[in-house]
Every structure is written in structure tokens, then in C-alpha cells.
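# Notes for the structure review
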Amino acid sequence: MSQGDPGNGAAAPVTSLTDPLDDGDRAPAAADGPTEKCGVVGVSLTDRAAARPLYYSLYALQHRGQDSAGIATHDGFQQHSHVGMGLVGDAFDGTDLDGLAGSAGIGHVRYPTAGGVNARCAQPFSVSFKSGALALAHNGNLVNADDIRDELASSGHAFTSRGDTEVIAHDLARNLIEADLIRAVKRTMDRVHGSYSLTVMHDDTVLGVRDPLGNRPLCIGKLEDGYVLASESAAIDTLDGDLVRDVRPGELVVLESDGSGFESYQLFEEEHTARCFFEHVYFARPDSVIDDTLVYEARRDLGRALWEESGVDSDVVMPVPDSGRAFASGYADAAAEDGAEVEFAEGLMKNRYVGRTFIMPTQDERERAVRLKLNPIRSTVEGRTVTLIDDSIVRGTTSTQLVELLRDAGAAEVHVRIGAPAIVAPCYMGIDMATREELIAAGRPVEEIRDDIAADSLSYLSVDAVADALASSRADLCLGCVTGEYPYDIDGETADRDVSRPAVGEPPPADD
Ligand code: SF4
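Residues numbered from 1 in each chain as written. Predicted model: local features only at pLDDT ≥ 70, side-chain atom pairs only at ≥ 80, totals over all residues. Heavy atoms only, no water.

### Section: the overall build of the chain
Within the chain one finds 17 helices and 30 strands. Counting every position in the chain, which comprises 512 residues, the buried fraction comes to 58%. Here the contacts in the chain between residues at least 6 apart in sequence split such that 71% fall between residues at least 24 apart. Surface exposure of the chain reaches about 19700 Å², of which carbon and sulfur atoms provide 47%. (Helix = DSSP H or I, 4+ residues; strand = E, 2+ residues; numbered from the N terminus. Buried < 20%, exposed > 50% of the residue type's maximum accessible area, 1.4 Å probe, protein only. Contact = heavy atoms within 4.5 Å. Areas by Shrake-Rupley, 256 points an atom, 1.4 Å probe, with all protein chains shown as cover.)

### Describing the sheet that holds strand 25 (residues 413–418)
Sheet strands pair via backbone hydrogen bonds, and the direction of the pair is either parallel or antiparallel. Pairing within the open sheet is parallel, and its 5 strands lie in the order 21-20-24-25-27. Two strands lie at the open edges of the sheet, namely strand 21 (343–344) and strand 27 (457–460), each paired on one side alone. As defined by bridge partners, strand 20 (residues 316–319) adjoins strand 21 across 2 bridges and the pair is classed as parallel. Counterpart to Val317 in the pairing with strand 21 is Phe344. Lying over the sheet, helix 9 (residues 295–310) contacts strand 24 (385–390), strand 25 and strand 27, oriented at roughly 125 degrees with respect to strand 27. Strands strand 20, strand 21, strand 24 and strand 25 of the sheet are contacted by helix 10 (residues 325–337), whose axis makes an angle of about 155 degrees with strand 20. (Pairing = 2+ DSSP bridges. Axes fitted to C-alpha atoms, helices over the stretch in contact; angles between N-to-C directions.)

### Things to note about a negative patch on the surface
A surface patch of negative charge is lined by Glu224, Asp237, Asp240 and Asp242. When you line up the elements, Asp242 lands in strand 14 (residues 242–246). On the accessibility criterion, Asp242 (54% relative accessible area) is exposed. (Patch = residues over 30% accessible without salt bridge, like charges linked within 9 Å, V, L, I, M, F, W, Y side chains within 5 Å. Salt bridge = Lys/Arg side-chain N within 4 Å of Asp/Glu carboxyl O. Lys, Arg positive; Asp, Glu negative; His and termini not counted. Charge placed at Lys NZ, Arg CZ, Asp CG, Glu CD.)

### Notes on the pattern of salt bridges
For the coordinates displayed, the defined rule picks out 39 salt bridges. The residue Arg304 makes a salt bridge to Glu337 at a minimum N-O spacing of 2.5 Å. Pair noted here: Arg304 is in helix 9 and Glu337 is in helix 10, with a separation of 33 residues, a long-range link. Taking relative accessible area as the criterion, Glu337 reaches 56% and is therefore assigned exposed.

### What about the nonpolar core?
One finds Phe277 and Phe278 to be the most contacted residues of the largest nonpolar core, which totals 38 residues. Only helix 8 (278–283), helix 9, helix 10, helix 16 (463–469) and helix 17 (480–483) provide two or more residues apiece to this core. For Phe277, the contacting residues outside a window of four places in its chain are Ala420, Pro421, Val466, Leu470, Cys478, Leu479, Cys481 and Val482. One finds Ile148, Ile168, Val200 and Leu207 within the second-largest nonpolar core, a separate group that totals 29 residues. (Core = buried A, V, L, I, M, F, W, Y, C linked by side-chain atoms within 4.5 Å.)

### Things to note about helix 6 (residues 181–191)
Within helix 6, the full set of buried residues consists of Leu181, Ala184, Val185, Arg187, Thr188, Met189 and Arg191. Looking at the buried residues of helix 6, the elements they touch are helix 4 (145–154), helix 5 (164–178), strand 10 (194–202), strand 11 (205–210) and strand 15 (251–255). Of the residues that open helix 6, the one with a side-chain oxygen 3.2 Å from the backbone nitrogen of Ile182 is Asp180. (Polar contact = N/O pair within 3.5 Å; in protein donor to acceptor, adjacent residues only side chain to side chain.)

### Here's the deal with unusual backbone geometry
Going from Gln123 to Pro124, the amide bond is cis rather than trans, its omega being 5 degrees. Relative to the helices and strands, Pro124 is located in the loop between strand 7 (104–110) and strand 8 (125–129). With an omega of -10 degrees, the peptide bond running from Pro321 to Asp322 counts as cis. With respect to the helices, strands and loops of the structure, Asp322 is situated in the loop between strand 20 and helix 10.

### Here we look at empty space enclosed by the protein
This model, assessed by the stated rule, comprises 3 cavities of 30 Å³ or more. Considering only enclosed or pocket space, the largest cavity measures out at about 90 Å³ in volume. Lining of the largest cavity is provided by 15 residues; of these, Cys276, Cys427, Ile431, Cys478 and Cys481 occupy positions nearest its centre. Every element with two or more residues in the lining of the largest cavity is listed here: helix 8 and helix 17. Across the lining of the largest cavity, the residue classes tally to 12 nonpolar, 2 polar and 1 charged. Approximately 60 Å³ is the volume attributed to the second largest cavity. The wall of the second largest cavity is formed by Ile168, Leu172, Val185, Thr188, Met189, Val192, Tyr196, Leu198, Val200 and Val209. Those elements that provide at least two residues to the lining of the second largest cavity are helix 5, helix 6 and strand 10. (1 Å grid on protein atoms, 1.4 Å probe; cavity = no way out; pocket = protein on both sides within 12 Å on 5 of 7 lines; lining within 4 Å. Points joined across faces, edges and corners; volume = space filled by probe spheres on them. Nonpolar A, V, L, I, M, F, W, Y, C, P; charged D, E, K, R; others polar.)

### As for the packing of aromatic side chains
Tallied over the full model, the rule gives 10 aromatic pairs. When the ring of Tyr55 is compared with that of Phe92, the centres are 5.9 Å apart and the planes differ by 75 degrees; the resulting orientation is edge-to-face. Taken together, the residues Tyr55 in helix 1 (residues 51–60) and Phe92 in the loop between helix 2 (88–91) and helix 3 (94–98) connect sequence positions 37 residues apart. Between Trp307 and Tyr331, the ring centres sit 5.4 Å apart and the planes meet at 85 degrees, which makes this aromatic pair edge-to-face. Placement of the pair is Trp307 in helix 9 and Tyr331 in helix 10, with a sequence separation of 24 residues. (Phe/Tyr/Trp six-rings, centres within 6.5 Å; stacked < 30°, edge-to-face > 60°.)

### A look at the packing of helix 9 against helix 10
The geometry of a pair of packed helices is captured by two quantities: the angle between their axes and the separation between those axes. Packing of helix 9 against helix 10 brings their axes to within 7 Å, and their N-to-C directions diverge by 50 degrees. Accordingly, the angle class assigned to the pair helix 9 and helix 10 is oblique. Both helix 9 and helix 10 take part in a crossing whose hand is right-handed. Contacts between helix 9 and helix 10 involve Tyr296, Arg299, Arg300, Leu302, Gly303, Arg304, Leu306, Trp307 and Ser310 from the former and Ala326, Phe327, Ser329, Gly330, Tyr331, Asp333, Ala334, Ala335 and Glu337 from the latter. Taken together, the residues of the contact of helix 9 with helix 10 break down into 9 nonpolar, 4 polar and 5 charged. (Parallel < 35°, antiparallel > 145°, perpendicular 65-115°, else oblique. Left-handed = near helix turned anticlockwise from the far one by under 90°.)

### Digging into the site of the ligand
In the neighbourhood of the ligand, the contacting residues comprise Asn215, Arg216, Cys276, Phe277, Phe278, Cys427, Met429, Ile431, Met433, Cys478, Gly480 and Cys481. Comparing atom positions with the cavity grids shows the ligand to sit within the largest cavity. Within the shell around the ligand, the residues separate by chemical class into 9 nonpolar, 2 polar and 1 charged. (Near = heavy atom within 4 Å. Sits in = over half its atoms within 2 Å of the grid points.)

### Structural notes on the layout of surface pockets
The volume enclosed by the second largest pocket comes to roughly 650 Å³. Lining the second largest pocket are 30 residues, and of these Leu213, Pro487, Arg497, Asp498 and Val499 lie nearest its centre. When contributions to the lining of the second largest pocket are tallied by element, the ones reaching two or more residues are helix 6 and strand 10. In terms of residue class, the lining of the second largest pocket is built from 14 nonpolar, 5 polar and 11 charged.

Shown next as C-alpha cells:
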């Protein structure tokens, strides 16, 4: 879907410019594990078109969302945008990129949770209003979006989706009518609560915002001819740039529109952060640096801690590919340093051509899916005791099938070690985890789970070991899905801190 100039003279209330085209809701394809919701990027360059650098960086962030992709640019006069369904390579062709003029822009890849998959929810989300054109890309999930949407709707704002990104865009557009950019962003941050890393484009000014608790990642990079904001540093590497630093929790970063630098505004400073520890365990690319920690090294450290906490003598240690690889390598190294005679081997081969779209119409076929995806190397397994390492167990289906697969291949014993604590509760901050009822570990002792997956032994990593490996205190991490206590005020759930916040209401006066 392509859009031309929104025009800058529209009167408030804000008019949505996102094309009302609706492909019709379809449910998100079932995923094997937790699924990241989105990746965001923004660039401001000296005189080069932003479209291709944005396109390449979206490719680098493809693992964060596969259901839609989009880019919005601004050429100093008007905004241009293109969003499409599917992978980045499906959503764009060369002509689409040629139509995205301007040296400033933002981009987005999306994986939807509630609300299904349709073009209305694809981002960047664009609005026009009397102070200009706005485009917004969001990673995270607000916990009070419904309250703000209701209030904005009652004052005349027309919404085209149930998405929380549209709520942020409308609130920010309303504030921009009355205040300058910095104050407008601060007012919106005062009102929206939950998890958000945003890239925003107001006319040709690109900015990045990280929520006051820093739940989702966002970093700044320097290019030869400009600056980039991205969910992960791997996107900066793809553009041959240098990572400058992470955007701080509660910080607004405004890129100079000539690509010469950036301004920083620390709009909120909380006593503690609530960084999602699962970014390091599962979601982020191993080659990304998040909050000063290389994800690959964090996973190896988690694997080492796993050996120290619950190492078991076995003939061979093998990862579940690809997610368990760095954990298993750290585990095996720590075991070897302790003098354990254990071989590290790739005992499961992955078929890379079985994607999420593979059609499995019957339950029996679904249960056999793992055999299509993974095949054991019999000579590595037969007659031997095996330790299988993975990063998480969500529903337990895959673990059960893998244990069975290894036993069928002749394994004498199968011990399962998980490089994170047990997932016992859902995520409300933008991760498609599963419902509490679907989680195999919700409210159940480890021994019962071991019995379910038919392993000879099963151990998870402790929460304290996760905090140590991430060089963080527990108080600075979100651990909601493994403790059931959340850093935000969520109906029906327990908070892990004081999360009292002002009720939604009219924004503060213009001179705040
Ligand atoms: S609940 Fe879990 S997955 Fe969700 S933000 Fe917190 S740590 Fe991350």
C-alpha cells in the first residue's frame, strides 16, 4: 500500500492517513515459542535517500516481525510511505523504494498478537494534522491504551484500528498542536503507560523514544553520512555504522535533520528499569549488543551458569538448533573446565525449508512437525547419555517430541537443561508468549513437567543466575513471565513495584 502526501493543512481532530484497506483479519500463524512483536528503525542522512538504508536495516530486524513491513520517508516537503504484508522482501519491490523520496525516514517490521494480521495494523502509522505530518513505529505494548483511545474518541478522534500505536500517534499529534516537539513527547509519555520503543518522524525530523522503564531495546548508531536509531545494533552493523550507545530509559533522542548529529532529552528518570530479560535469552540476534551486553556472550554466560547450577554427567551435550546453541557452548565449556568428560555435538539437524506457513491440517500432522524440522544424527546419540540444551519451554510440545525423537534414535538417557527460569505467566508487554492455561509450567512443579516431557531429568536456570549473567539487579529487569509479578499496572496481575500512575485525562497546559 503506498501513500502520497497527506497535506499539512488538515484541521484537528486528527485524520488518519493509513489506508483503510483491509485484507481481512487472519489469525497469526502458530509459533513454536515466544514471538517478538516488532522491530523499529529510523535514519536521518546528509543528502542520500533514506529508503534503501531503512530497507536493509529492516532485513536485519526481520526476526522481530514477519507479518508486515513498512517505511515512511519525508523529503522536506511531503511524507511518503509504503507498507505491505509479509516479509520485507515480499512487502517491497524496487519501484516501491524509488517512490520513497527524502533523506529522513522510519521503518517497522511487525508480528501481531491480538487483533490478527491485517493491513490496517501495518506500520509505520501515519497521521496528518495542522502542525504537519507524523509517522510512528512502535515496539512494545501499552497497558492503558483503551482508556486513552476512549478519551480521544470522545473528543472527535477517528480510529481505524484497535492497535495501541494509533493511540500514541493521535495523542502525540494532539499535543503537537499545542506544544513544541519536546513538550509534546513528554506529555504523551506522561499519559501512555506500558512498554514502548518508538521511532517517530515529525515532518523531516526523526526521533527515538524509549519508555521510562526501558522495557524494549533501542540504540543509536553513527553512519558515514548520518545517524540511525534501531531496535538492535545488528541493523547498524548492516549499514556499516558504529554503535554509539543505547537510548536510555525515559530518553528522547532527536536526530538533526541534516544528519549531522543528535540531541538528547532525558524526560523521565525512574529509580529502577524493567528491561525484558527475554531479549537476551531468546528474541534478539546473538550478534546484537543490548544495554552494553553482547547477546551471544550473555547466552554463553547463561549456559555456564546452567552447568554450575544443575550440570549433569552425560556423554554428549547438544543444543536445540538454533536457539540453544550459545547456551550449550557455554555449558559445555564450563563442564570441561570442571573436568567433566563431555562431548559438545550438533546432534540435531534442522531443515531450514520448513517455515511458519507449512500446512498441518490435522493434530497428528502437527505433532509430527518436529520430525520435519529436526532430525537426529543417530551415531551421535545411539547408546549414549544426552544432555539437550534449549532456551525455554513454552507449551512443552516441542520438548516432548524432541525427547521422544532422541530416544527413538537410541539415546540411553535424555536430560533437559533450560537456560532461563520456567515461564509461568503470560507477557503483557508485546511478546506473544501464550496464555497461562497453555503454559506447561504455570502453577506446576518441575517434576511434573519432567514427567510430561518424559525426560530423565529437567532443570531450569534460577532468576538470580539470569540477573548475574546480565550484570543487572533483579529490580532492574522485567521478570513478569517467570515470576508472575509485573513492572506495570495490569488488571488482575500482581505488580513487582509501586506502579501507581495518574488517571488518564486532559494533557497538562502548554507551558508545563
Ligand atoms: S513478561 Fe517476560 S517476555 Fe514480557 S517483557 Fe517481561 S521479561 Fe520480557
